[in-house]
Amino acid sequence: MATYSTPSYDSSLYQSNRPAYKDSLVDSILDYHKKTPGAVTDLAVDVATGTGIFARQLQRGFKRVIATDISENMLESARKAAGNSSSIEYIQSPAENLSFLKDKSVDVITVATGAHWIKVDQFVAEAKRVLKPSGSLFIFGYPGFAHFVDFPQCDKMLKDYGLSDDKLGSYWDAGRELLVNGYTKYHEAFINDSWTDIRHVLYPDTFEEPSKEFPVVIGKEPVVMDFKVTWRSLLAFLKTWSTLAIYHKKYPERENAAQVLVREMMASAGETDMDRPVNVEWEEVLLMAHPPSLSDK
């Protein structure tokens, strides 16, 4: 996440225009976690927290929440958003090195739309070290693509915008493909390291199944996010993409590419009202697992 961690990136824009996660996601996490014998909810650690969007939601389910990120810029926005009454502890730290945490001291680790910026094998090893035998790891996120229910022609327009090399595709920081591929690389790492009770859910059925080798479930409804947008708020969201910042650093004289895309999508849909709601089903992925030490008890 080199772009997000730079002091020049507008973290306040990210905080204002990124979606929150479904409140029920915390309940889903607790339900999965508490089914493990001996599981408690003393400490949750939200790594790659960004502006702390999900860390704030975790507070209602855990006695203590720690939020980490490599970017002090992002953490400062997280502190401001949480306010003085928040009990979240913010620590600047890479996800691959949680040396401030003792072995087997954490109940739950979450990574909310940040696992693709992390070195997979190093992080999985560190998560295994700090999680209790009854602990749980949750990796989830959204690639930013969607199925436009009323205007399906916009599906491809958005994907081409984000993935095609002649648009923004070649400007992503390294790692983006992990999320686009549904975090399959993490699923593989869990299997290779003997993690248990692995569950991998994708939504909606337009999300291209990333691999037949590692079984996934296509969800019938969103479990990660339920992001309601108008054309205007869709534009604001697209402006937070790191690849856009990189693109316009190279081409500062060009019209904002997100603005061009939304204008083209609206023309394709025959829409003129920026404030009209858009019926979209956002692509999302949820991956859950218990550390291998659970099977050694």
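None of these values were measured; they are calculated from a predicted model. (Residues numbered from 1 in each chain as written. Predicted model: local features only at pLDDT ≥ 70, side-chain atom pairs only at ≥ 80, totals over all residues. Heavy atoms only, no water.)

**Description of the pairing of strand E5 (residues 131-141)**
- Counting buried positions over the 11 residues of E5 gives 10, a clear majority of the element.
- As judged from the 6 bridges shared by strand E4 (residues 106-112) and E5, these two strands associate in the parallel manner. When the sheet's bridge partners are listed, alanine 112 is paired in E5 with phenylalanine 140.
- Since E4 and E5 lie parallel, the crossover through helix H5 (residues 120-130) that links them has a hand, and here it is right-handed. (Buried < 20%, exposed > 50% of the residue type's maximum accessible area, 1.4 Å probe, protein only. Helix = DSSP H or I, 4+ residues; strand = E, 2+ residues; numbered from the N terminus. Pairing = 2+ DSSP bridges. Right-handed = clockwise from strand over helix to strand, strands pointing away.)

**Quick look at the UniProt feature "domain: Methyltransferase type" (unreviewed entry) in the chain**
- In the numbering used here, UniProt assigns the feature "domain: Methyltransferase type" (unreviewed entry) to residues 45-139.
- In this annotation, residues 45-139 is assigned 29% helix and 31% strand; the end-to-end C-alpha distance for the span is 12 Å. (UniProt positions renumbered as here; feature names shortened; annotations may be inferred.)

**Points about the pattern of salt bridges**
- For the structure on display, the rule yields 17 salt bridges.
- Residues glutamate 271 and arginine 276 are paired through a salt bridge, measuring 3.3 Å at the closest nitrogen-oxygen approach.
- Judged by relative accessible area, which is 11%, glutamate 271 ranks as buried.
- Residue arginine 276 is classed as partly exposed on the basis of its relative accessible area of 44%.
- A cluster of three or more residues bridged by salt bridges with shared partners is formed by Glu72, Glu76 and Arg79. (Salt bridge = Lys/Arg side-chain N within 4 Å of Asp/Glu carboxyl O.)

**With respect to helix H8 (residues 184-192)**
- Within the span of H8, buried status applies to Thr184, Tyr186, His187, Ala189 and Phe190.
- Lining the buried residues of H8 we find H5, E5, helix H7 (176-180), strand E7 (196-203) and strand E12 (284-290).
- Immediately downstream of H8, the backbone of serine 194 shows phi near 65°, a positive value. (Contact = heavy atoms within 4.5 Å.)

**Structural notes on the side chain of glutamate 284**
- With respect to the element layout, glutamate 284 can be found in strand E12.
- In this structure glutamate 284 is buried but unpaired, with lysine 22 as the nearest side chain of opposite charge at 7.6 Å.
- Apart from the residues lying within four places of it in its own chain, the contact partners of glutamate 284 are Gly141, Tyr142, Pro143, Val201, Leu202, Tyr203, Phe207, Glu221, Pro222, Val223, Val224 and Met225. (Lys, Arg positive; Asp, Glu negative; His and termini not counted.)

**Some points on the sheet that holds strand E8 (residues 217-218)**
- An order of E3-E2-E1-E4-E5-E12-E7-E8 is seen for the 8 strands of this open sheet, with the pairing classed as mixed. In this open sheet, the two edge strands, each paired with only one partner strand, are strand E3 (89-92) and E8.
- Pairing of strand E1 (residues 43-47) with E4 involves 4 bridges; the strand directions are parallel. Its bridge partner lying in E4, aspartate 46 is registered against threonine 110.
- In the packing of H5 onto the sheet, contacts are made with E1, E4 and E5, and the angle to E5 comes to roughly 140°.
- Strand contacts of H8: E5, E7 and E12, with the helix running at about 170° to E7, the strand carrying the most contacts. (Axes fitted to C-alpha atoms, helices over the stretch in contact; angles between N-to-C directions.)

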